[in-house]
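# Remarks on the overall topology
For reference, the chains in residue letters:
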Amino acid sequence: MRNCLVIDLDRCSGCDSCIVACKLENNIDLGNYWNQVIAVGPTGTHPDIEQYWLPVQCQQCENAACVHVCPTGASYRDEKTGVVLIDKAKCIGCQYCMMACPYGVRSFNQKEKVVEKCTLCSHRTADGEGVPACVHNCCCGARLYGDLDDPSSDVAKAVAAASPDAVHHLPDPGSAKPATVYLLSPKTAAWKELV
Amino acid sequence: MAMKASMTRRSFVKTTALAGAAAAIGVSLSDSLVEVDPAYADEPVETKVVKTSCHGCIQMCPARATVENGVVTKLEGDPDAPVSRGSLCMKGLNQLHTMYSPRRVLHPLKRAGERGENKWEVISWDEAIEEAATHICDAIDKYGPYAFFASVGGGGSYSFMEAMTLPMAFGSPTVFEPGCAQCYLPRWSLSKLFYGGIDQSIADNAVQEIFRTGDDNKAEVVVLWGAQPSVSQTAESGRGMAELRAKGVKTIVVDPNFSPDAVKADVWLPVRPATDTGLLLAWFRYIFENKLYNEEFTKYWTNLPFLIDPDTKLPVEAKELFPDYVSPTPDNTPAYACFDARTNAVAPFPYSAPADSPVDPEVFWAGEFNGKTYKTAGQIYKEQADPWTLEHAEEVCWVPAERIEEAIKLYTGAGVAGIANGVASDMTESASQVPLGCMGLDSIMGYINKPGCTMTQYGAAGAPPTKRPVTYNNGFDGMFSDMYGIGAVVGMSPAENEARAKALGEANPQQKLANQLLIDRLGMKDHKGLYAWCHSHIPTVREAIATGEPYKPRVWFDMSGNKLAMLGNAKSWYEVFPEIDYIIGQYPMLTSFHIEAADLVFPVREWLEEPMVNMTQLNTQWLQNEVVHIGETVSHSIPAAQVIARCKEKWGGSLPGLVPGYIGNATEEEVKASVAETLHAPSWDELVNNTDTYVPYVTPPEEYWHYNQHETIVDDGLPAGFGTESRKVETYCQILIKLARTGYPFCYPEPQEACEDYSPICEFIEPAESPVNDDTDEYPFVLTSGRVPYFHHGTMRHAAFARELYPAPDVRINPRSAAELGIEHMDWVKVSSRRGEIHGRAYLTEGVHPGVVWMERFWNPECYDASVPEEKQTAGWRECNVNVLTKNDAPFNEVYGSYTNRGFTVKVEKSEKPDNIWVEPEQFAPFLPTLHSEPITKDVF
């Protein structure tokens, strides 16, 4: 089971609404973000330029370094959903996981002294019914949620329908195997290997 | 969420001990409330999901609000909405904070210090209405009705109809809004004059056809001309654009800025700001020269084949050239003259279906007839466009010639295409010329009334015609025309109009007063297009306030947000505030304008509190619900209605103005009843108790979507045609000539004084301040602006989750230009124009030309936060507000008087962050919501 997001960058217009949907849904403090949107570009020289936006949140790595380094088992993979989560009761705030995460998508909650990150809105999705707030409200229909291993899911269908040269993952120097898929066709812009 | 635990529910009963201390504005007056119910702190959480509509911008996406024990805890897009499909953007989502913002004004406020000191006294509604009414009555008694004026606009308030009609009630002609001539009026009004039809604006929900769903969507190519729906209306038409592109629809974007829609476009034309007219004429030239236009449509459905009289500039009627000619059509459908290719001669050109036409009219012809030289309207257009080769356009407009050609080929090669014309041109001197050009292109291509184009007629306006179409003028759908007997009806014969005006005048003696108000309205002699929305010319109003000529507006009732952030050349307005005796405001919070100017502020509802009907999505209409209600806030129409009633009382039962005058509900009950009626529910209670039964109200598709209406044969045996004088699309917009000379069709039956003729076709205008026109190199950049997705107009600068992402305005500048100035990415810079200077942060991007900088409007409510020492506080409009730079003096757009918000010259220098501006996320903590425990309150009126 690989529950994760698939984000269609041909659609994403960088409106940042997913950031706010996430923050309001999860009651996140000012200055902390469980997902961010990076403007990649414009690259080239005016007027021959291209650009895309890259929303980045927990990539739901198959080989999650955060889980491996956690000394208390607070970072764990939920057996039922396969999603990487944090048990705040077990978190001691050592922040090893923040250093281990190759994508910098974990943040430290100063008030509670624990690490937090995208849960794929597990409070909405764990029962298999809902979708994360960022997916529901996405203004471009760019964000999809589901199980990549289930061919009937929205995410699996979107990946299957995409041209192979449009299917991307974030760079993976440490063999973390991020599950999150980005769809970007060369017609929109060339994929940049950002780390 | 923590907020639940402390929730109590109390009925709101105000004591009389309120007046006195200058209250902190958003702070609850709970000490002065008498609890009539016990607190329910221990009660289990009661959760409900309420259907409503967002009002974060004017498109009003359907949304769902989760309410827990009376507090709204979640907002989501409604997945059943056909265009937004469950999307809800940041502007909507952040209402969760702004609804409960410490900045909310929950009670009427009277100024307690000097203007600018931000000191207020809470007063009762009764006292507030008495204050307002007394000042209005006194001023009118002393100086006459023209001492009163109203205004609206700026986002977050909805009083467009109310502001338009409020001065009518007092017998004053003066009202303005910073939008209007600078936003939408030119496009809206010109489409009526051009073809009696619906305009090309996406933002204002006029363009709906291209967002039809599934197989019903026939769009092939969409041109976004100065529009960025993905930013301005992110969740609705932004979503619509995303769906279109995913479907394979090609897009062309004309925008100096590499907007998200430009990023996704098949062809991007980064036009030099405010030179769009040159680009349009290049399209015309290429299409004419390469015969890419739709010949049949142009010949028979536009007025381009008509011969134009060189003296009058008007089309020649057949009877003028052929005295014995008897037109086969009724008086309301004149026969004109053309050059007939069949007979090789000038001939009468009677109106008919194309197949029945006795002539084969030439579109382009010039020659003599009876000793006078005539040209066809098409020929005049062709000559106007003639200098505009692709190369010339490249030189003037800074867009590569091959790119322009690629765009034109895409646009003309499609089976159907359509232009969506955005707000950009409204903010320039070419506010009328650009829509004339955009509609003109679609008309010569025949992209009108077809599935998949933007100029289609739908809903009630598109119902299959049974009679010759006519177009009413003065107000929306010409509502003031029948009401007061003013304005001619385009499409009626002169005799019919005379008889109509006479009969209406006999029935309503107020016709004379209504007509006089038209004549006396400020700025009308020169900019008669403003008549369409009954608005005054803003710079002329400012001048009248300053000089008292021709009369002095003295008492101001503003019905919306931050005028200092929205009006061009804000400082010039600040300077005349001392000339204004009394200023009334209404808004959910205090803005720079209220602090600097207002003497009295009425508290109005946020959108989660105010019942309304949404703008519609395709053939569906949705409810904006009264989800909650706190404080003593009221719906937007109520303060003015209550004030008018009080004035009437003071004047012994009569008002000095027009009857009915003000159009706006006086009580929440009336507001709710009218919403229920619009949504076809028997009552408000029934509507909210059984929302799913009534919302959305769906018009069956077969009753909503119609095409090719102009070809329908109507009761006179002719094809319906269009609601214009000629019954054709007036690509040569002949009525603009008449408008300039007499005010026809608006100022009628008594005419307005003549001014210079308006151009009936697109003509090139070089911006007054530009690299070409400037005689100094002091201001080397052209500045333009455009929205960002975080805010709508002046709204949401107090939304912490928006501001932490976009704390200060970006000044987008090309890296090569920045390097020359020693400016690095995110450096603070000072931007100066001939009017003033402001600050922003440099955002280095190849998305703008090296000669262009781009910056969005801004203001900074943190500048008067309680955490700032009092002596350092400011009203937050001088620091980062692009409207300190904008140009509100001549030249104006000739028809609409639009001034220059975009396309003027500036200099940019490295600088420092101004005092008081917050940029770190944590600094915005004082904007986080504090009012969750405010009691739910009953309606005040």
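Remember, it's a predicted structure, so these values are computed and weren't measured experimentally. (Residues numbered from 1 in each chain as written. Chains lettered and ligands numbered in written order. Predicted model: local features only at pLDDT ≥ 70, side-chain atom pairs only at ≥ 80, totals over all residues. Heavy atoms only, no water.)

## Considering the confidence of the model for chain B
Scored by pLDDT, chain B has a mean of 95; 95% of the residues are at 70 or more. At the level of chain-chain contacts, confidence expressed as ipTM amounts to 0.98, with global pTM at 0.96. (pLDDT = per-residue confidence, 0-100.)

## Things to note about the sheet that holds strand β27 (residues 837-844) of chain B
Residues and elements named next belong to chain B. One closed barrel holds the 6 strands; their spatial order is β24-β28-β25-β27-β26-β29, and the pairing between them is mixed. Between one strand and the next, the sheet's axes are offset by a mean angle of 45°, whatever the strand orientation. Here strand β24 (residues 781-784) pairs with strand β28 (residues 852-855) via 3 bridges, running parallel. Across the sheet, the residue bridging to valine 782 is valine 852, located in β28. (Pairing = 2+ DSSP bridges. Helix = DSSP H or I, 4+ residues; strand = E, 2+ residues; numbered from the N terminus. Axes fitted to C-alpha atoms, helices over the stretch in contact; angles between N-to-C directions.)

## A closer look at the pairing of strand β12 (residues 336-340) of chain B
Residue and element names in this part refer to chain B. Judged by how many residues are buried, β12 sits mostly within the fold: 5 of 5 residues are covered. In the sheet, β12 pairs with strand β13 (residues 345-349) via 5 bridges, with the strands oriented antiparallel. By the bridge assignment for β13, alanine 337 is matched with proline 348. (Buried < 20%, exposed > 50% of the residue type's maximum accessible area, 1.4 Å probe, protein only.)

## Looking at the packing of aromatic side chains
Residues and elements named next belong to chain B. Scanning the entire structure with this criterion turns up 56 aromatic pairs over all chains. Plain terms: the ring middles of phenylalanine 306 and phenylalanine 349 are 5.8 Å apart, the flat faces sit at 85° to each other, and that makes the pair edge-to-face. Of this pair, phenylalanine 306 sits in the loop between α10 (295-301) and β11 (307-308) while phenylalanine 349 sits in strand β13, placing them 43 residues apart in sequence. On the basis of relative accessibility, which here comes to 2%, the residue phenylalanine 306 falls in the buried class. Of the aromatic side chains, those joined through ring pairs into one cluster are Phe149, Phe176, Trp556, Trp573, Tyr574, Phe577, Phe593 and Trp877. Over the aromatic face of phenylalanine 364 sits the side chain of lysine 382, whose NZ or CZ is 4.6 Å from the ring centroid. Directly above the aromatic system of tryptophan 854 lies the positively charged group of arginine 812, at a separation of 3.8 Å from the ring centroid. (Phe/Tyr/Trp six-rings, centres within 6.5 Å; stacked < 30°, edge-to-face > 60°. Lys NZ or Arg CZ within 6 Å of the ring centre and 35° of its normal.)

## A closer look at the domain arrangement of chain B
Residue and element names in this part refer to chain B. Here chain B is described as being made up of domain 1 (185-273 + 392-461) and domain 2 (781-927). Contacts between the two partners involve 26 residues from domain 1, matched on the other side by 25 residues from domain 2. The junction of domain 1 with domain 2 conceals about 2,000 Å² of combined surface from both sides, 58% of it contributed by carbon and sulfur atoms. Linking domain 1 with domain 2 are 10 residue pairs in polar contact (both at pLDDT 80 or more). Secondary structure elements with two or more residues in the side of domain 1 that touches domain 2: α5 (185-195) and α6 (229-232). Here the side of domain 1 that touches domain 2 gets 5 residues from one element, more than from any other, and that element is α5. Partitioning the side of domain 1 that touches domain 2 into residue classes produces 14 nonpolar, 10 polar and 2 charged. (Domains from an automatic or database assignment. Contact = heavy atoms within 4.5 Å. Buried area = accessible area lost by both parts, 1.4 Å probe. Polar contact = N/O pair within 3.5 Å; in protein donor to acceptor, adjacent residues only side chain to side chain. Nonpolar A, V, L, I, M, F, W, Y, C, P; charged D, E, K, R; others polar.)

## Looking at the sheet that holds strand β9 (residues 250-254) of chain B
Think of a sheet as strands paired side by side through backbone hydrogen bonds, with each pair either parallel or antiparallel. Residue and element names in this part refer to chain B. The 4 strands lie next to each other as β10-β9-β8-β16, forming an open sheet whose pairing is parallel. In the strand order of this sheet, the two ends are held by β10 (267-269) and β16 (417-421), each with one partner. The mean angle between the axes of side-by-side strands here comes to 15°, regardless of whether they run parallel or antiparallel. Bridge analysis of β9 against β10 gives 3 bridges, and the strand direction is parallel. By the bridge assignment, valine 254 is partnered in β10 with leucine 269. Where helix α9 (residues 276-289) meets the sheet, its contacts fall on β8 (221-225), β9 and β10, and the angle it forms with β8 comes to roughly 150°.

## Details of the pattern of salt bridges
Throughout the structure, instances matching the rule amount to 70 salt bridges over all chains. Where B:Asp80 meets B:Arg64, a salt bridge forms, and the shortest distance between an N and an O atom there is 3.1 Å. Highlighted residues: B:Asp80 in the loop between β3 (71-77) and α1 (90-93) and B:Arg64 in strand β2 (residues 62-68), separated in sequence by 16 residues. Among the residues examined, B:Asp80 registers a relative accessible area of 52% and is labelled exposed. Here the salt bridges share partners, and the residues they tie into one network are A:Asp8, A:Arg11, B:Arg85, B:Arg239 and B:Glu243. (Salt bridge = Lys/Arg side-chain N within 4 Å of Asp/Glu carboxyl O.)

## Let's talk about the UniProt feature "domain: 4Fe-4S Mo/W bis-MGD-type" (unreviewed entry) in chain B
Mapped onto this structure's residue numbering, the UniProt feature "domain: 4Fe-4S Mo/W bis-MGD-type" (unreviewed entry) falls at residues 47-103 of chain B. Between the end C-alpha atoms of residues 47-103 of chain B the distance is 27 Å, and the span holds 14% helix and 37% strand. (UniProt positions renumbered as here; feature names shortened; annotations may be inferred.)

## Things to note about the packing of helix α4 (residues 160-170) of chain B against helix α23 (residues 638-650) of chain B
All names here are of chain B. Relative orientation of the contacting elements α4 and α23 amounts to 0°, with a least axis distance of 11 Å. What the angle tells us is that α4 and α23 run roughly parallel. Where α4 abuts α23, its residues Leu166, Ala169 and Phe170 lie against Ala640, Ile644 and Cys647. Here the contact of α4 with α23 is built from residues that sort into 6 nonpolar, no polar and no charged. (Parallel < 35°, antiparallel > 145°, perpendicular 65-115°, else oblique.)

## Digging into a nonpolar patch on the surface
Taken together, A:Val69, A:Tyr96 and A:Met99 make up a surface patch of nonpolar side chains, about 320 Å² in accessible area. Relative to the assigned elements, A:Met99 resides in helix α3 (residues 96-100). (Patch = residues over 30% accessible without salt bridge, like charges linked within 9 Å, V, L, I, M, F, W, Y side chains within 5 Å. Areas by Shrake-Rupley, 256 points an atom, 1.4 Å probe, with all protein chains shown as cover.)

## Brief notes about empty space enclosed by the protein
In the structure shown here, the tally under the stated rule is 11 cavities of 30 Å³ or more. Of the voids in this model, the largest cavity is the one considered here, and its volume is about 150 Å³. (1 Å grid on protein atoms, 1.4 Å probe; cavity = no way out; pocket = protein on both sides within 12 Å on 5 of 7 lines; lining within 4 Å. Points joined across faces, edges and corners; volume = space filled by probe spheres on them.)

## Description of the environment of B:Gly240
All names here are of chain B. Following the sequence through the fold, glycine 240 ends up in helix α7 (residues 234-247). In this structure, the C-alpha to C-alpha distance between glycine 240 and glycine 440, residues 200 residues apart in sequence, is 25 Å. Excluding anything up to four places from it in sequence, glycine 240 contacts Val83 and Phe211.

## Here we look at a negative patch on the surface
Residue and element names in this part refer to chain B. A grouping of Glu391, Glu394, Glu395, Glu402 and Glu406 is seen on the molecular surface, where their side chains present a negatively charged patch. Listed by contribution, the elements that provide at least two residues to the negative patch are α13 (390-397) and α14 (401-413). The element contributing the most residues to the negative patch is α13, with 3 residues. Among the structural elements, glutamate 394 can be located in helix α13. (Lys, Arg positive; Asp, Glu negative; His and termini not counted. Charge placed at Lys NZ, Arg CZ, Asp CG, Glu CD.)

## A word on unusual backbone geometry
Residue and element names in this part refer to chain B. Cis geometry is found at the peptide bond from tyrosine 744 to proline 745, where omega equals 10°. Its location among the elements puts proline 745 in the loop between α28 (735-742) and β24. Cis geometry is found at the peptide bond from tyrosine 748 to proline 749, where omega equals 10°. The topology assignment puts proline 749 in the loop between α28 and β24.

## Regarding the interface of chain A and chain B
The partner chain B presents 51 residues to the 39 residues of chain A that form the contact. When chain A packs against chain B, the two sides together hide about 3,500 Å² of surface, and 59% of this comes from carbon and sulfur. When the area that chain A buries against chain B is broken down by residue, the three leading residues are A:Leu24, A:Leu30 and A:His46, summing to 22%. There are 6 salt bridges connecting chain A and chain B. Our count for the chain A to chain B interface comes out at 19 residue pairs in polar contact (both at pLDDT 80 or more). Elements with a contribution of two residues or more to the side of chain A that touches chain B: α1 (17-26), β2 (35-45), β3 (48-57) and α5 (133-137) of chain A.

## Quick look at the environment of B:Ser637
All names here are of chain B. Following the sequence through the fold, serine 637 ends up in the loop between β22 (623-624) and α23. Taking the C-alpha atoms as reference points, serine 637 and lysine 672, separated by 35 residues in sequence, lie 12 Å from one another. What serine 637 contacts, discounting residues up to four positions off in sequence, is Glu162, Tyr662, Gly664, Asn665 and Val671.

## Observations regarding the environment of B:Pro173
Residue and element names in this part refer to chain B. Position of proline 173 among the secondary structure elements: in the loop between α4 and β7 (175-176). We classify proline 173 as buried; its relative accessible area is 2%. Taking the C-alpha atoms as reference, proline 173 lies 8.1 Å from cysteine 534; in sequence the two are 361 residues apart. Aside from chain neighbours lying at most four places away, what touches proline 173 is Tyr146, Leu517, Asp520, Arg521, Ser536 and Tyr551.

## Brief notes about helix α3 (residues 125-143) of chain B
Residue and element names in this part refer to chain B. Over its 19 residues, α3 runs 27 Å from end to end, which matches the ideal 27 Å to within 8%, given 1.5 Å per residue. Of the surrounding secondary structure, the elements contacted by the buried residues of α3 are β6 (148-151), α4, β17 (555-558), β18 (582-587), β19 (600-603) and α23. Glycine 144 lies just past α3 and shows a positive phi near 95°. (Expected span 1.5 Å × (residues − 1).)

## Quick word on the side chain of B:Asn814
Inspection of the secondary structure assignment puts B:Asn814 in the loop between β25 (810-813) and α30 (815-820). For B:Asn814, a relative accessible area of 0% puts it in the buried group. Residues contacting B:Asn814, with those up to four places away along its chain left out, are A:His46, B:Thr845, B:Glu846, B:Val848, B:His849 and B:Pro850.

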